[in-house]
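Each chain, written out:
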Amino acid sequence: MRTRMQSFSWFAIATVFIVGGARAASAQQVVKLGEGETLTISGFINATLFNDRGLFSSFGQGQNAEIAAAPANQPGVNQGIFDGDVRNTRLNFTFNGAPVLGKWAPRATIEADFFGAFNGVPPFGDEQPQFRVRHAFVDLSNGRTTLRIGQYWAPLFGETAPFIPVSLTHIAFPVGLGASMIGWRFPGVFVFHDLTPTNPLKLQLEVAALKGSGPTTSGNARDSTNNIGSGEASGLPQVEARLNATRRFANGSWNGFVVYHLDWKDVNGTGVPGSNITDWGVETGQYIAVSSFTLHGSFYYGKGLGSQFGMITQFQPQIRGWGAWGQAGYDFTAHWSVWADYGIDQPDYVRFRNETGGTLVRQLSHVGSALLRFRAGRYATGLEYFRSVNRWSSGITSADQYALSVLYTL
């Protein structure tokens, strides 16, 4: 549900954050802000109870489980855990202003979830996830062209639903992120332009210059102290361009995109002579919905895409590889549907070994999921199964998750 406020006070906004955004949004509290200005409040509440058989690494258990842990970190016997997670819960505040330059109107968005650190350790701290900012950006738009400055999804990420696997458990960390699906959010400058804004075929061009990204260079104390990564040390932004296409038919629709990524990394860091390394990537995604059937997915290939969650989130810029995922869904009734997903991430560990003499720790990843979903209006609940199989340099491991999740859209 979206609540549009013609006027409001800062006290009302503070009340939303502190004593409960869902109630404030539903009550449609209205106070004065200014002429021609509105606030849209949206978001959702997402809760999961889960049983993990085996442990996941890198991002943790629960709603952000992605990669099966290495053999040394698997419990072996007595491996099951039962837990709960509400961190996917999300609030979005979008401020819309009246035109300020002819038809150009400003808009500002801040979106937050609760994937911050837990407030302490068990038995009590893990029930107190902390607020964090996901997106924060300001737009200037004339309806066909939008200039966006701030933190938002890189074009490599499928920021809209057609290119994100459907899940009630894995939302903030979508199914396969870091193990078949790529992309992340960064501060930057974004331009969106509708090339053909009318039906039947809509084309949109998106270009972005994003902050550099990469791990801190080992051995460079200056950069470690100042949290300067190899991408930032290059002195150059990440650059991406994406073409989106949409076509609607009598009983269905099709969406597609293609995107190119380019970035540079200084693996020596600041204060050390040396040239930048150039990394790149290409990705395409397809979505088709016909009647009650949906099929969507994406494929990528590139070099040094660890900072975009590629190569099973390994950050050596010399790694080349590819990844892909696909998901099919079918609506049995207006309320019941089933979904099945499969993905793979395959870095070229043989080429990496031949070119560098090194060994990749994570060499292959397979992920799969199945969801039985019930949906009625803003309410949805489902039983979900997720499995990750990874080939590590030390052996093959797997981890399974069984989850009961609920989602209520505000």
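Residues numbered from 1 in each chain as written. Predicted model: local features only at pLDDT ≥ 70, side-chain atom pairs only at ≥ 80, totals over all residues. Heavy atoms only, no water.

### Some words on empty space enclosed by the protein
Summed over all chains, the structure comprises 2 cavities of 30 Å³ or more. The computed volume of the largest cavity comes to approximately 40 Å³. Looking at the largest cavity, the residues that line it are Leu156, Phe157, Gly158, Phe163, Met181, Ile182, Phe257, Glu283, Ser298 and Trp325. Counted by class, the lining of the largest cavity contains 7 nonpolar, 2 polar and 1 charged residues. (1 Å grid on protein atoms, 1.4 Å probe; cavity = no way out; pocket = protein on both sides within 12 Å on 5 of 7 lines; lining within 4 Å. Points joined across faces, edges and corners; volume = space filled by probe spheres on them. Nonpolar A, V, L, I, M, F, W, Y, C, P; charged D, E, K, R; others polar.)

### Points about the environment of Ala403
Summarising the element assignment, Ala403 is placed in strand β20 (residues 395-409). For the pair Ala403 and Phe386, spaced 17 residues apart in sequence, the C-alpha to C-alpha distance is 8.3 Å. Ignoring any residue separated from it by four or fewer positions in sequence, one finds Ala403 in contact with Thr48, Leu49, Phe50, Thr169, Gly382, Leu383 and Glu384. (Helix = DSSP H or I, 4+ residues; strand = E, 2+ residues; numbered from the N terminus. Contact = heavy atoms within 4.5 Å.)

### Considerations on the packing of aromatic side chains
In this structure the tally under the stated criterion is 18 aromatic pairs. Aromatic ring contacts, followed pair by pair, group Phe59, Phe115, Trp153, Phe157, Phe173, Trp184 and Phe309 into a single cluster. Arg148 extends its terminal NZ or CZ atom over the ring of Tyr152, reaching a point 4.4 Å from the ring centre. A cation sits over an aromatic face here: Arg185 above Trp184, 4.3 Å from the ring centre. (Phe/Tyr/Trp six-rings, centres within 6.5 Å; stacked < 30°, edge-to-face > 60°. Lys NZ or Arg CZ within 6 Å of the ring centre and 35° of its normal.)

### Brief notes about the pairing of strand β8 (residues 132-141)
Strand direction decides the pairing type here: strand β7 (residues 105-113) and β8, joined by 9 bridges, are antiparallel. What sits directly across from Ala108, in β8, is Val138. Note: β8 against strand β9 (residues 145-153), 6 bridges, orientation antiparallel. Directly across from Val138, in β9, lies its bridge partner Ile149. Connecting β8 to the next strand, β9, in antiparallel fashion are 3 residues, including Gly143 with a positive phi near 100°. (Pairing = 2+ DSSP bridges.)

### A look at the confidence of the model for the protein chain
Confidence in the prediction for the protein chain averages 89 pLDDT; 91% of positions are at 70 or higher. Below a pLDDT of 50 lies the segment residues 1-32, which in the model reaches 57 contacts outside its immediate sequence neighbourhood of four places, other chains included. (pLDDT = per-residue confidence, 0-100.)

### What about the side chain of Asp113?
Considering the arrangement of structural elements, one finds Asp113 in strand β7. Taking relative accessible area as the criterion, Asp113 reaches 0% and is therefore assigned buried. Polar contacts involving the side chain of Asp113 include one to the main-chain amide nitrogen of Phe115, which spans 3.2 Å. Here Arg132 takes part through its side chain, which lies 2.6 Å from a polar atom of the side chain of Asp113. In contact with Asp113, not counting residues within four places along its chain, are Arg87, Asn88, Thr89, Arg90, Gln130, Phe131, Arg132, Arg134 and Ala172. (Buried < 20%, exposed > 50% of the residue type's maximum accessible area, 1.4 Å probe, protein only. Polar contact = N/O pair within 3.5 Å; in protein donor to acceptor, adjacent residues only side chain to side chain.)

### Observations regarding a nonpolar patch on the surface
Judged by side-chain polarity, Leu49, Phe82, Ile288, Val290, Phe293, Leu295, Tyr330, Phe332, Trp336, Leu372, Leu383 and Leu404 come together as a nonpolar surface patch covering roughly 1200 Å² of accessible area. Elements that contribute at least two residues to the nonpolar patch include exactly β14 (277-290) and β15 (293-303). (Patch = residues over 30% accessible without salt bridge, like charges linked within 9 Å, V, L, I, M, F, W, Y side chains within 5 Å. Areas by Shrake-Rupley, 256 points an atom, 1.4 Å probe, with all protein chains shown as cover. Salt bridge = Lys/Arg side-chain N within 4 Å of Asp/Glu carboxyl O.)

### Points about the side chain of Gln363
Of note, Gln363 is situated in strand β18 (residues 362-376). When its relative accessible area of 12% is taken as the criterion, Gln363 is described as buried. If near-sequence neighbours (up to four positions away) are discounted, Gln363 is found in contact with Ile312, Gln346, Pro347, Tyr349, Arg391 and Ser393.

### Some points on the layout of surface pockets
Its boundaries defined by the atoms lining it, the second largest pocket holds a volume of some 270 Å³. Taken together, 15 residues line the second largest pocket, and the ones lying closest to its centre are Asp83, Gly84, Asp85, Phe118 and Asp126. For the lining of the second largest pocket, the leading source of residues is strand β5 (residues 80-85), giving 4 residues. Considering only residue class, the lining of the second largest pocket consists of 6 nonpolar, 4 polar and 5 charged.

### Topic: the pairing of β15
In this sheet, β15 lies alongside β14 in antiparallel orientation, the contact comprising 11 bridges. Among the inter-strand pairings, Ile288 is bridged to a residue of β15, identified as Leu295. Across 11 bridges, the pairing between β15 and strand β16 (residues 320-331) is antiparallel. In the strand pairing of β16, Thr294 is matched with Gly329.

### Comments concerning the environment of Val406
The topology assignment puts Val406 in strand β20. Between the alpha carbons of Val406 and Val258 there is a distance of 33 Å; along the sequence they are 148 residues apart. Not counting chain neighbours up to four residues away, the residues in contact with Val406 comprise Ile45, Asn46, Ala47, Tyr379, Ala380 and Thr381.

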